[in-house]
Amino acid sequence: MDTAALFEETIVFVKSELSNAEGGHDWFHTERVFNNALHIAKHENVNINVVALAALLHDIADSKFHDGDETIGPRKASAFLIKNNVDSVIIEHVIQIIENMSFKNTFDKNRDFNSKELEVVQDADRLDAIGAIGIARCFNYGGFKNRPLYNPEISPNLNMSKAEYKKSTAPTINHFYEKLLLLKDQMNTKTGKRIAQKRHEFMEDYLTQFYNEWNGEL
C-alpha cells in the first residue's frame, strides 16, 4: 500500500473508532492534531510518515474513557498497522510515541524514550489543549464528567502524582492550573513554542474575565 492510500485507510479507521467519542476527543480533535503536526514537521528534520501515523492514531482509545487502561490504544494502533503491512520499525516508533506523548506521562521521571517525531506530535496535541479550542475542550470534558465549573473552596493541586491526576474530580477551572497553563513551557519545538505563547495569553485573558464575572465585577 502506498503512503497516500495508507493515510486514507488510517483516517477511515480512526473516524470509525471515534464515531461515538466525547466531543473534545473526537475525530475533529485528531484532525486538528494531524494538521498541527504536519505544520510543525515542516520546520523539523523528521520522518513524516511516523509523524502522520502517530498523530492520526494517538487518541483512538484514550485511557480516560477506558477505566484508565493505557494499553488499549497502543494495541489497537499496532494491530491496525500490522494488518496494513507497515514496516515494523515504523510501527515500533509510532507505538512508542503513542505510549509516551500524553501529559500524564510527564509525571513519570524515568521515561527513557524520546525522538524528534515524538516532540512534533506531542506539541501538536498540546496545542489543541490550549487557546480557544483548548478552553472549549476543557469545559466540554468537565460537563461530560458532570464536574462543577469552579469552586473557590477547592484549590488546584499542583503536586499530584500520576495516579492522583488520572483520578481527579476537581472543578474544571482547576485543570487550567494543573495542566493547561503548564503546557507553554513544556513545548519542544520552536514552532510549537511560538504558537503556544499566543494561546497561553488568550487563556490568561479568559481566566481574568471569568473571575471578574464570577465575582460580579460588571
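Rules used throughout
- Residues numbered from 1 in each chain as written.
- Predicted model: local features only at pLDDT ≥ 70, side-chain atom pairs only at ≥ 80, totals over all residues.
- Heavy atoms only, no water.
- Helix = DSSP H or I, 4+ residues; strand = E, 2+ residues; numbered from the N terminus.
- Rg over C-alpha atoms; globule rule 2.2 N^0.38 Å.
- Buried < 20%, exposed > 50% of the residue type's maximum accessible area, 1.4 Å probe, protein only.
- Contact = heavy atoms within 4.5 Å.
- Lys, Arg positive; Asp, Glu negative; His and termini not counted.
- Charge placed at Lys NZ, Arg CZ, Asp CG, Glu CD.
- Expected span 1.5 Å × (residues − 1).
- Polar contact = N/O pair within 3.5 Å; in protein donor to acceptor, adjacent residues only side chain to side chain.
- Phe/Tyr/Trp six-rings, centres within 6.5 Å; stacked < 30°, edge-to-face > 60°.
- Axes fitted to C-alpha atoms, helices over the stretch in contact; angles between N-to-C directions.
- Parallel < 35°, antiparallel > 145°, perpendicular 65-115°, else oblique.
- Nonpolar A, V, L, I, M, F, W, Y, C, P; charged D, E, K, R; others polar.
- Salt bridge = Lys/Arg side-chain N within 4 Å of Asp/Glu carboxyl O.

Trainee: Any chance you could explain the overall build of the chain here in plain terms?
Mentor: Looking only at helices and strands, one finds ten helices and zero strands in the chain. Each helix and strand of the chain, ordered N terminal to C terminal, gives the series α-α-α-α-α-α-α-α-α-α. Here the chain has a C-alpha radius of gyration of 18 Å; the compact-globule value for 218 residues is 17 Å, and the two agree. Split into buried and exposed, the 218 residues of the chain put 50% on the buried side. In the chain, the proportion of contacts linking residues at least 24 apart, taken out of those at least 6 apart, comes to 67%. Taking the average place of the 25 positive charges on the side chains of the chain and the average place of its 32 negative ones, the gap between the two points comes to 1 Å.

Trainee: So what exactly am I meant to see when it comes to helix 1 (residues 3–17) here?
Mentor: Owing to its 3.6 residues per turn, the α-helix aligns residues three or four sequence positions apart on the same side. Taking 1.5 Å per residue, 15 residues should reach 21 Å; helix 1 reaches 21 Å between its end C-alpha atoms and fits that length. Looking at the buried residues of helix 1, the elements they touch are helix 2 (27–41), helix 3 (48–57) and helix 4 (72–83). Where helix 1 starts, the residue carrying a side-chain oxygen 3.3 Å from the main-chain nitrogen of alanine 4 turns out to be aspartate 2.

Trainee: What is the right way to read the packing of aromatic side chains from this model?
Mentor: For any pair of aromatic rings, the description consists of the separation of the ring centres together with the inter-plane angle of the planes. Scanning the entire structure with this criterion turns up eleven aromatic pairs. Taken together, a centroid distance of 6.2 Å and an interplanar angle of 40° make the contact between tyrosine 206 and phenylalanine 210 tilted. Taken together, the residues tyrosine 206 and phenylalanine 210, both in helix 10 (residues 190–214) and four residues apart, mark about one turn of the helix. An aromatic cluster is built from Phe139, Tyr150, Phe176, Tyr206, Phe210, Tyr211 and Trp214, whose rings are joined through pairwise contacts.

Trainee: Whenever I open this one, unusual backbone geometry confuses me. Can you help?
Mentor: Glycine aside, a negative phi is what most residues show, and trans is what most peptide bonds show. For asparagine 85, which is not a glycine, the phi torsion comes out positive at approximately 60°. Secondary-structure assignment places asparagine 85 in the loop between helix 4 and helix 5 (88–100). Positive phi, normally seen in glycine, also occurs at asparagine 146, with a value near 60°. Examined against the element boundaries, asparagine 146 turns out to sit in the loop between helix 7 (131–144) and helix 8 (162–167). Residue class for asparagine 146 comes out exposed when judged on its relative accessible area of 71%.

Trainee: Even after reading the chapter, I still don't get the environment of arginine 137, so can you show me in this structure?
Mentor: Position of arginine 137 relative to the elements: it lies in helix 7. Taking relative accessible area as the criterion, arginine 137 reaches 12% and is therefore assigned buried. Sequence-distant contacts of arginine 137, that is, excluding residues within four places in its chain, are made with Gly24, His25, His29, Arg32, Asp128 and Ala129.

Trainee: Sorry, what's going on with the packing of helix 1 against helix 3 here?
Mentor: Packed helices, taken two at a time, are described by their axes: the angle between them and the distance between them. Where helix 1 meets helix 3, the axes come as close as 10 Å, and the angle between the chain directions of the two elements is 10°. As judged from the angle between their axes, helix 1 and helix 3 are roughly parallel. Along the contact surface, helix 1 presents Thr3, Leu6, Phe7, Thr10, Ile11, Phe13 and Val14, while helix 3 presents Asn49, Ala52, Leu53, Leu56 and Leu57. Each residue belonging to the contact of helix 1 with helix 3 can be placed in one class, and the counts come to nine nonpolar, three polar and no charged.

Trainee: Sorry, what's going on with the pattern of salt bridges here?
Mentor: Two side chains bearing opposite charge may form a pair once their charged atoms approach each other closely. Following the criterion strictly, the structure yields six salt bridges and no others. A salt bridge links lysine 76 to glutamate 17; the shortest N-O distance between them is 2.9 Å. Highlighted residues: lysine 76 in helix 4 and glutamate 17 in helix 1, separated in sequence by 59 residues. The partly exposed category is assigned to lysine 76, whose relative accessible area is 31%. What makes glutamate 17 partly exposed here is its relative accessible area of 31%. Overlapping salt bridges, with partners in common, bring together Arg32, Asp128 and Arg137 in one network.

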